[in-house]
Amino acid sequence: MAWVTKDSTETYNQTPEPPREYTKTEKAANWWHYHWGIVVIVVLCAFFGIWIIKDTVFQTRPDVQVAYVGTHDLPADTVTALQDALTPFCEDTNGDGKVVVQVDTYNVDFDADNVNTDAYNQMAGVTRLSAELSSGGKTYIFLLEDPAAFESSTGALQYLDGTVPDDPDTANPDWTEMVYRWTDCPVLAGLELGDYDGYTLVDDATGTNQSVLATLYVGRRGVWDEKQAATYEGCAELWDTLTAGAVSTTAE
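Residues numbered from 1 in each chain as written. Predicted model: local features only at pLDDT ≥ 70, side-chain atom pairs only at ≥ 80, totals over all residues. Heavy atoms only, no water.

(A) Structural context of the overall build of the protein chain. Scanning the protein chain for helices and strands turns up eight helices and seven strands. Residues classed as buried in the protein chain amount to 31% of the 252 residues present. If you take every contact in the protein chain between residues at least 6 apart in sequence, the share linking residues at least 24 apart comes to 69%. Total accessible area on the protein chain stands at roughly 16,600 Å², and carbon and sulfur atoms take up 55% of it. (Helix = DSSP H or I, 4+ residues; strand = E, 2+ residues; numbered from the N terminus. Buried < 20%, exposed > 50% of the residue type's maximum accessible area, 1.4 Å probe, protein only. Contact = heavy atoms within 4.5 Å. Areas by Shrake-Rupley, 256 points an atom, 1.4 Å probe, with all protein chains shown as cover.)

Structure (structure tokens):
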């Protein structure tokens, strides 16, 4: 058998091949492969950061909040017309250069025996109303479908003469001395509110916005904490303006 041996004088080229030069597209694809997760996290953080800043800094804050409490929504046209009609009576209390009136709806059925009440909507309405009636709530004027049940359940109203029950948790105040009918108030009943087109989004009912509001009662929030009195000072003046000349016929 013959053996093949390497000649001691034989040399080999030991120079390595130069590294491959990647294109810009290949470099970008490689970078994305290893860093896409970080990019997604950064984008999400930026999105939520901008959303929070917009919500806290740039969101238009209402100067006056009015609460409607009833078993059914008001027509959207009625809400818009009422907000627009009340704006000239209000001032820019928060100093943002705009006068904004906001009418909030709270769907609450105080009749516990009503089997037609939607449990989910009822729970949501009660939760929202309870939060608004807490010490930090801004709503001062209420439009009520059932003022007797509202006062019995919440104890939130004051008397028409501006006084409040001595103990809202245990007293049984006369609700008829706490509210006006909408039609009792010449200023409110005289507002030019126009018509509504569709009481809900799925019907074709029409009518005047005044006819919708004429069935409601108007009351104002009782303030037992002196520290909160300044919060509602502007709203108290608005109440006096809107109820000027009102004569209560609620008890009749």
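(B) The environment of proline 147, seen in detail. When you line up the elements, proline 147 lands in helix α4 (residues 147-154). By relative accessible area, proline 147 is classed as buried at 3%. Residues proline 147 and valine 218 lie 71 residues apart in sequence; the distance between their C-alpha atoms is 8.5 Å. Apart from residues lying up to four places away in sequence, proline 147 is in contact with Trp175, Val179 and Tyr217.

(C) Expanded view of the pairing of strand β1 (residues 64-70). Of all seven residues making up β1, seven are buried, and the element is well covered by its neighbours. Here β1 shows no split at all, with Val64, Val66, Tyr68 and Gly70 on one side and Gln65, Ala67 and Val69 on the other all buried. Pairing geometry for β1 and strand β2 (residues 101-107), over seven bridges, is parallel. Residue pairing across strands places glycine 70 opposite asparagine 107, the latter belonging to β2. (Pairing = 2+ DSSP bridges.)

(D) Summary view of empty space enclosed by the protein. Tallied over the entire structure, the rule returns one cavity of 30 Å³ or more. Its volume calculated, the largest cavity comes out at about 70 Å³. If you go around the largest cavity, the residues you meet are Val66, Leu82, Leu86, Ile141, Leu143, Trp182, Leu188, Val218, Leu238, Trp239, Leu242 and Thr243. Every element with two or more residues in the lining of the largest cavity is listed here: α2 (76-86), β3 (141-144) and α8 (233-242). The element that contributes the greatest number of residues to the lining of the largest cavity is α8, accounting for three residues. For the lining of the largest cavity, a count of residues per class yields eleven nonpolar, one polar and no charged. (1 Å grid on protein atoms, 1.4 Å probe; cavity = no way out; pocket = protein on both sides within 12 Å on 5 of 7 lines; lining within 4 Å. Points joined across faces, edges and corners; volume = space filled by probe spheres on them. Nonpolar A, V, L, I, M, F, W, Y, C, P; charged D, E, K, R; others polar.)

(E) Focus on the side chain of glutamine 65. Position of glutamine 65 relative to the elements: it lies in strand β1. Since its relative accessible area comes to 14%, glutamine 65 is described here as buried.

(F) Up close: a nonpolar patch on the surface. On the surface, Trp31, Trp32, Trp36, Val40, Leu44, Phe47 and Phe48 cluster together to form a nonpolar patch covering roughly 790 Å² of accessible area. The topology assignment puts leucine 44 in helix α1 (residues 24-58). (Patch = residues over 30% accessible without salt bridge, like charges linked within 9 Å, V, L, I, M, F, W, Y side chains within 5 Å. Salt bridge = Lys/Arg side-chain N within 4 Å of Asp/Glu carboxyl O.)

(G) Looking closely at the sheet that holds β3. Read across the open sheet, the five strands follow the order β2-β1-β3-β7-β4; overall the sheet is mixed. In this open sheet, the two strands that pair with only one neighbour each are β2 and β4 (179-181). Across the sheet, the mean angle separating the axes of adjacent strands is 25° when strand polarity is ignored. One ladder, built from three bridges, connects β4 with strand β7 (residues 217-220); its direction is antiparallel. Across the sheet, valine 179 pairs through a bridge with glycine 219, a residue of β7. Strands β1, β3, β4 and β7 of the sheet are contacted by α4, whose axis makes an angle of about 125° with β3. (Axes fitted to C-alpha atoms, helices over the stretch in contact; angles between N-to-C directions.)

(H) Structural detail: α4. Considered for burial, the residues of α4 that qualify are Pro147, Ala149, Phe150 and Glu151. In the core, the buried residues of α4 are packed alongside β1, α3 (119-132), β3, β4 and β7. Positive phi shows up at glycine 155, right after α4, with a value of about 60°.

Limitation: the analysis is restricted to geometry and does not speak to function.
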